[in-house]
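# Coordinates in review
Chain by chain, the residues:
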Amino acid sequence: MYLNRILLSAVLVVGALIAQVSVLARLQLPGAVPDLLLLVILGLAMVYGHTAGAVTGFLGGLLADLAPPAEHAVGRYALVLCIIGYVAGLTKPEGTQHRSATVPMLVVASAAVGSTLLYAGVGTLVGDTAAGQVGLLLLLFTATLYDLLLAPFVVPLVMWAARRTERGVITSDASGVGSMGRSDKGAYGWLTSGTGLQVGGSLFGKGRNGGPVRNARNGKAVRMGIQRGSLLDRSSRKGRSGKIKGVKRL
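Residues numbered from 1 in each chain as written. Predicted model: local features only at pLDDT ≥ 70, side-chain atom pairs only at ≥ 80, totals over all residues. Heavy atoms only, no water.

### What to know about the side chain of Thr-144
Examined against the element boundaries, Thr-144 turns out to sit in helix H7 (residues 136–187). Sequence-distant contacts of Thr-144, defined by excluding residues within four places in its chain, comprise Ala-109, Ala-112 and Val-113. (Helix = DSSP H or I, 4+ residues; strand = E, 2+ residues; numbered from the N terminus. Contact = heavy atoms within 4.5 Å.)

Right under this line is the structure:
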């Protein structure tokens, strides 16, 4: 289960980082750079949850901090993506999935603004004033615009791939439950073979016409049937013993 998640997350994060550094960063677009890594982490977080989103964001951000031509302090973008991944994972519905594109697009827009503000704020704490020189408002506008334009082509594919692994987990769990139910029925077959009882079902005996007794109100009939069966068994045993004794007498 977790191996599939780790492999998928690693492939998507590394692929997004390579594409962002080698392609998107060289486009020389005004303002910010389209953040493909952020979109991948958001897609994974909205399917896997806040814990996986925080871990994936931290590791992906750490790779981005170490990848050339990074000139900022190591751990700066890791902290930003860890927080963004955690918050995005909180939007995951319990036991279901997002039914429309409204919430994911709102998450993308909020994450674009939040990541830019966090990155600039952490840079201010460590003495990096590059965001102020470029213009914070321009960075916010262009980052949100680029990410929203790129999100419909990235986020649905990432979420679809992540749901494939989740669907495999649910299917395996359901098959395990079904096989356990069948094994329990086979394991208790020795109990149900001679008494007319059925474990986990609604049958507790048989009526006069061989029909099932389905509720507790017919408990007397069940006991009477069991008593009659025991009397018949005793009479049959006596008949067998008489025949055997007769044979011995001969």
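### A closer look at helix H4 (residues 76–89)
Spanning 14 residues, H4 covers 20 Å between terminal C-alpha atoms, matching the ideal 20 Å at 1.5 Å per step. Looking at H4, one finds that the buried residues are Arg-76, Tyr-77, Ala-78, Val-80, Leu-81, Ile-84, Gly-85, Ala-88 and Gly-89. Residues of H4 that are buried make contact with helix H2 (36–48), helix H3 (50–66) and helix H5 (102–126). (Expected span 1.5 Å × (residues − 1). Buried < 20%, exposed > 50% of the residue type's maximum accessible area, 1.4 Å probe, protein only.)

### Structural notes on the packing of H2 against H5
For the pair H2 and H5, the least separation of the axes is 11 Å and the interaxial angle reads 130 degrees. Taken together, H2 and H5 sit at an angle that is classed as oblique. Crossing of H2 over H5 shows right-handed handedness. Residues Leu-38, Leu-39, Leu-42 and Met-46 of H2 pack against Pro-104, Val-107, Val-108, Ala-111, Ala-112 and Ser-115 of H5. Its residues assigned to classes, the contact of H2 with H5 shows nine nonpolar, one polar and no charged. (Axes fitted to C-alpha atoms, helices over the stretch in contact; angles between N-to-C directions. Parallel < 35°, antiparallel > 145°, perpendicular 65-115°, else oblique. Left-handed = near helix turned anticlockwise from the far one by under 90°. Nonpolar A, V, L, I, M, F, W, Y, C, P; charged D, E, K, R; others polar.)

What is shown is where atoms sit, not what they do.
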